[in-house]
Amino acid sequence: MAVKYNLMIGTLLAVAVFVASEPIAYRLPKEGQRRLEKRQVAPAEGEYRDCEANPPYLPPTAIETGERLKNLREQMTSNNLAAYIIPSEDAHQSEYIADRDKRRKYISGFSGSAGLAIVTADRAALWTDGRYFLQADMELDCNWILQKDSEPGVPEPEDWLISELLAGDYVGFDPTVMSISGYNRYNSSFEAVETGGPILLSITANLVDIIWEADTENTRPAYPDKELIVLDSEKFTGETWQQKIWEFDGSNDLDSVRSQLNEANAGALVVAKLDEIAWLFNLRGEDIPYNPMFVSYAIITMNSIHLYLYDKEGRLSSTIKPHLGIGSANCPNEDTVRADCVTVKDYDDFLDDLAGLSQDTIWISDSMSYAIYERVPETKRYLMSSPVLLMKAIKSPTEIAGMNNAHLKDSVALCRLGSWMTETIKDLKDPKVGDKDVISELIVEDMATAFRSQEEDYKGLSFRAISGFGPNGAIIHYSSSEETNTAITTESTFLFDSGSQYLDGTVDITRTFYFGDKPTDFMKEAYTRVLLGHIDLALGTFRNGVYGRDIDAYAREPLWRGGLDYKHGTGHGIGHFLNVHEAPAAIKIGYRPNEEPLELGMFQSDEPGYYEDNSFGIRIEDIMYTVEAETNHKFSDYTYMTWKMSSLVPLEPVLTNFSMFSPRQLDWYNMYTERIRNEVGPILNERGYDDAFKWMESKTKPVTYTYKVNSASSVQSMAILALICAFWYASFNVFIV
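Asker: So, the environment of Gly540: which residues are in play, and what are the values?
Answerer: Assignment of secondary structure puts Gly540 in the loop between α19 (521-539) and β21 (542-543). As a C-alpha pair, Gly540 and Thr642 span 102 residues in sequence and 5.9 Å in three-dimensional space.

Pasting the structure below:
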C-alpha cells in the first residue's frame, strides 16, 4: 500500500504541474487546428471551353481544328489506318522543338510542351499532365477529349486505343518521332489482348506533314539557317571535343566515348540527342527555340567520327571547319575518314548510313526513335543509355564556374526587374486596380528580356517565361497572350518563372512577387510552406547512390504537414548553355527508366510550389549544384553531398511567416540573403543601379526571431523531474519495505 500511495502522489503532482504549464514558445501551432478555407472561385466567364453548352462555347484562345482533322482522316483512310498517333517530340525526342516540328500543336491547337494526340475515325483525344490541364481547356476546341494524365479513371493511351478499336485495326505512326520505349509500350499492350488487339504500322511519310504542307493558310515553317557557335574549351567547357571522344579527363572517373565503347565491346555509338551532340563537339546553334542546339546526328566508331548536319553547306563556315579540324594536314576536307577527323555529311544521309554500318555491335539508346531501332539488326543492338548523357550532366570545374557566373549576371538583371516592378506599381494611379498598358504580364516579360540582354554573353531566353498574375499564376505552365494578359496589381501574387542563355551557362529561376502589404493568411501560409520546403531540400545531405526521387519528399513535407501539395516534380537537371531540362537525374517522386543517381557536379533545380485554382500560384525556384558535404564521420566509402546555390535573387519577406521557421531554416535564410548582399550588391553599386540596390537591400534584411525557453518550459522541466523522482521514490520504498 505504501508503494502505491507514494507512486500515486508523485505522479499526480507531476501531471498537475505539467498540465498547468503553458506551451513552449518555439512550438508551431498544431497542424489541423486551422480549417483550410475553400478558395475555389468560378472561372472568369469565357476563359475555358464549355462543350456541354448548347451551342458549345469556345474561348478566344481555342483553335478550330475541324478542317485539319478532316484532312488527316482522309490521309488515314488512304493508308488503311483506324488511328494515328501524333507525339510532341521531333526526330531527336526533344522536349522543346523547332516550329517546323510542332505537329501535335498544329493538329490539336494545344501549345503546351508535353502532350500526346491520337486521332481515330470519329474521335480525337489529347493527353497531358497536371501542369497543363487548365491551359488545355483554354486552347482545345470541342473536337478533342482532354485526357488528364495520371488522374483517377483516365486510361493510358494504349488502353484507350484498345477500347476504341477492333482487333486487327491498324494504328499508324511516324517511326522518326516515336521512341523505342513508346513503340514497345503500345506493342506489348496490343499483343496482350487475348481476343486480338490493334496492330502498329510504321508509316514513313508523316501524315500531319502532308496536310500541313498543303495548308496555305498555316504555312509550315523551315528550320532556321543561322551560323553555329563555337565554344572555346579553355574559357567555357574545360575539355576539347577531341578529349571528350578519346582522351576525356572528366569528373567521377568517367572515360571518353571511345573508352566506354571499348568497355562495352561495341563498335559504334549512335548519338541522336541534339544536346549531346552540341556538348560533345563544343558547338551550339539556334535551330531550336530557347535551346542552343542544331539539327544533327552523329555516329562515332573506333576509326571514324561522322557528323550529319541539316544545311551542311551553310553550316560549314570558315569558323566551324577549323574548329572540327577540317583543313588540317590529317583532315584536308569534310569527306576525310580517319579516327581523328570529323567527316561531315548531309542530315538526310544518316538513316541509310546507319543501316549500312558493318560493326558487329551498335550502341543505341531506348530514348531514340523507332526509325533508328528498326534499322539496326536485332543481333547488333546494344541498347543502353548514351554514355554522353552522364558525361554531360556532371559539369567540369570550368562549366561550374561558368554556370555560377551566368546566374550571378542573371540575378543582377532580376534585381533590376524587381525594383522596376515595385516602383512602377507604386506610381500607378490606383495600384489595386492596375493599368495593363503600364505593367502587365507581357510587359514584365519584355522588361526582363531587356534587362538580361544588357548582360555580357547573353544569347537569349532559355524558355518562354511563365508570367502569371493572380489566377493565371495557378496554371502551372501558363503562357500569357494578348487574350489572357492581365494587369499586375497589389491584390494578389505574381509568379514569374523565367530563364536565360549565356555563353557560360543556362539559367532557370522562379520568384513569386507580392506588391501589396496585406496578403491573406492562407496566401502567406502557403508561401511560407513552399519556402520551408525549398530550404529543407537545400539543406539536405545524402550520399552517392541516392536518386533524386529519394529526396523529393524533403521539399514536400512542410506542405504535406499542412495538407497541401503540387502536381509537378521538385527538381530537374539543367545544361551548360544547353537544355533548361537535362537528364539523367531529377528530383521527382516515382521511378523513371534510365534515371541516374545524383553525383558531384550535377546541377538541379529546387522548385516546390502551391497552386490554388482560379485564385493564385506560388513557386520558388533556384538552381543549385552538388558539393561534398562536411560530415563528422564517413561510413564506408560513400561520398556525402549537399547543395550550393547558384541563384541569388531575393525572396518575398512580406509573404513569409518567420514564426514557422526552425532555427536551422532561419540560419539558412539569413545566410542566403547575406550572399545576395555580398555578391550581387557590389555589382549593382558599381554599375550605378541605385534603385535596384535599394530594392535588393529591402528584401534581404537579416531576420531575427527569439526562440525562448520561457518559464513555462522551466515548469515543464520541473514536472518531468518530479515524475522521475516519484518513480524513484516509489522504487526506493519498494526496496526498503
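Asker: Tell me what's going on with empty space enclosed by the protein, and back it up with residues and numbers.
Answerer: Under the criterion given, the structure shown has three cavities of 30 Å³ or more. Surrounding the largest cavity, Ala393, Lys395, Gly573, Glu582, Ala583, Pro584, Ala585, Met602, Phe603 and Gln604 form its lining. Listed by contribution, the elements that provide at least two residues to the lining of the largest cavity are β23 (582-587) and β24 (603-606). Of the residues belonging to the lining of the largest cavity, the class tally is six nonpolar, two polar and two charged.

Asker: So what's going on with the packing of α19 against helix α21 (residues 663-686)? Residues and values would help.
Answerer: Contact pair α19 / α21: the axes reach a minimum separation of 10 Å and the direction vectors enclose 85 degrees. Between α19 and α21, the crossing angle belongs to the class labelled roughly perpendicular. Packed against α19, whose contacting residues are Leu531, Leu532, His534, Ile535, Asp536, Ala538 and Leu539, the element α21 presents Arg664, Gln665, Trp668 and Tyr669 at the interface. Here the residues of the contact of α19 with α21 sort into seven nonpolar, two polar and two charged.

Asker: With reference to specific residues and values, describe the state of the cysteines.
Answerer: By the definition in use, this model includes two disulfides. Residue pairing for Cys51: its cysteine sulfur links by disulfide to Cys142, the two sulfurs lying 2.1 Å apart. Between Cys51 and Cys142 the disulfide shows an S-S torsion of about -95 degrees. By sign, it is left-handed. Taken as a pair, Cys51 in the loop between α1 (2-20) and α2 (66-78) and Cys142 in the loop between α4 (133-139) and β4 (145-148) lie far apart in primary sequence, 91 residues in all. Here Cys331 engages in a disulfide with Cys341; their sulfurs sit 1.9 Å apart. When the S-S torsion is -85 degrees, as for the bridge of Cys331 with Cys341, the disulfide is left-handed. With Cys331 in the loop between α13 (320-323) and β12 (342-346) and Cys341 in the loop between α13 and β12, this residue pair connects regions lying ten residues apart in the sequence. The exposure class of Cys341 is buried, given its relative accessible area of 0%. Ordinal numbering of bonded cysteines along the protein chain defines a disulfide pattern of 1-2, 3-4.

Asker: Let's hear about helix α17 (residues 397-426): which residues, and what values?
Answerer: In a regular helix each residue adds 1.5 Å, so 30 residues correspond to 44 Å; α17 covers 43 Å between its end C-alpha atoms and thus fits that length. Along α17, 21 of the 30 residues are buried, which leaves the element largely enclosed by surrounding structure.

Asker: Explain the packing of aromatic side chains to me, and be specific about the residues and the numbers.
Answerer: Under the criterion given, the structure shown has 31 aromatic pairs. When the centroid spacing of 5.5 Å and the interplanar angle of 75 degrees are considered together, the rings of Tyr308 and Phe350 count as edge-to-face. Note that Tyr308 is positioned in strand β11 (residues 305-309) and Phe350 in helix α14 (residues 350-355), a separation of 42 residues in sequence. You'll find Tyr308 and Phe350 in the same group, each marked buried. The interplanar angle of 70 degrees and the centroid separation of 5.1 Å between the aromatic rings of Phe658 and Tyr669 together place this pair among those described as edge-to-face.

Asker: Tell me what's going on with the nonpolar core, and back it up with residues and numbers.
Answerer: Ranked by internal contacts, the top residues of the largest apolar core, which has 89 residues, are Phe494 and Leu684. At eleven residues, α19 tops the list of elements feeding residues into this core. Leu161, Tyr186, Ala298 and Tyr373 belong to the second largest nonpolar core, which has 82 residues in total.

Asker: Outline the packing of helix α5 (residues 157-164) against helix α6 (residues 180-191), listing residues and values.
Answerer: Relative orientation of the contacting elements α5 and α6 amounts to 40 degrees, with a least axis distance of 9 Å. Here α6 runs oblique to α5, going by the angle between their axes. Relative to α6, α5 is oriented so that their crossing is right-handed. When α5 is examined against α6, the residues Pro157, Glu158, Leu161 and Ile162 are found in contact with a partner set consisting of Arg185, Tyr186, Ser189 and Phe190. Taken together, the residues that form the contact of α5 with α6 break down as five nonpolar, one polar and two charged.

Asker: If you had to explain the side chain of Ser385 to someone new, which residues and values would you point to?
Answerer: Residue position: Ser385 is located in the loop between β14 (381-383) and α16 (387-393). On the accessibility criterion, Ser385 (15% relative accessible area) is buried. Within the local environment of Ser385, its side chain forms a polar contact with the side chain of Asn594, the two groups lying 3.2 Å apart. Among all residues touching Ser385, those that are not within four sequence positions of it are Trp363, Ser365 and Asn594.

Definitions and limits used
Residues numbered from 1 in each chain as written. Predicted model: local features only at pLDDT ≥ 70, side-chain atom pairs only at ≥ 80, totals over all residues. Heavy atoms only, no water. Helix = DSSP H or I, 4+ residues; strand = E, 2+ residues; numbered from the N terminus. 1 Å grid on protein atoms, 1.4 Å probe; cavity = no way out; pocket = protein on both sides within 12 Å on 5 of 7 lines; lining within 4 Å. Points joined across faces, edges and corners; volume = space filled by probe spheres on them. Nonpolar A, V, L, I, M, F, W, Y, C, P; charged D, E, K, R; others polar. Axes fitted to C-alpha atoms, helices over the stretch in contact; angles between N-to-C directions. Parallel < 35°, antiparallel > 145°, perpendicular 65-115°, else oblique. Contact = heavy atoms within 4.5 Å. Disulfide = S-S within 2.5 Å. Buried < 20%, exposed > 50% of the residue type's maximum accessible area, 1.4 Å probe, protein only. Expected span 1.5 Å × (residues − 1). Phe/Tyr/Trp six-rings, centres within 6.5 Å; stacked < 30°, edge-to-face > 60°. Core = buried A, V, L, I, M, F, W, Y, C linked by side-chain atoms within 4.5 Å. Left-handed = near helix turned anticlockwise from the far one by under 90°. Polar contact = N/O pair within 3.5 Å; in protein donor to acceptor, adjacent residues only side chain to side chain.

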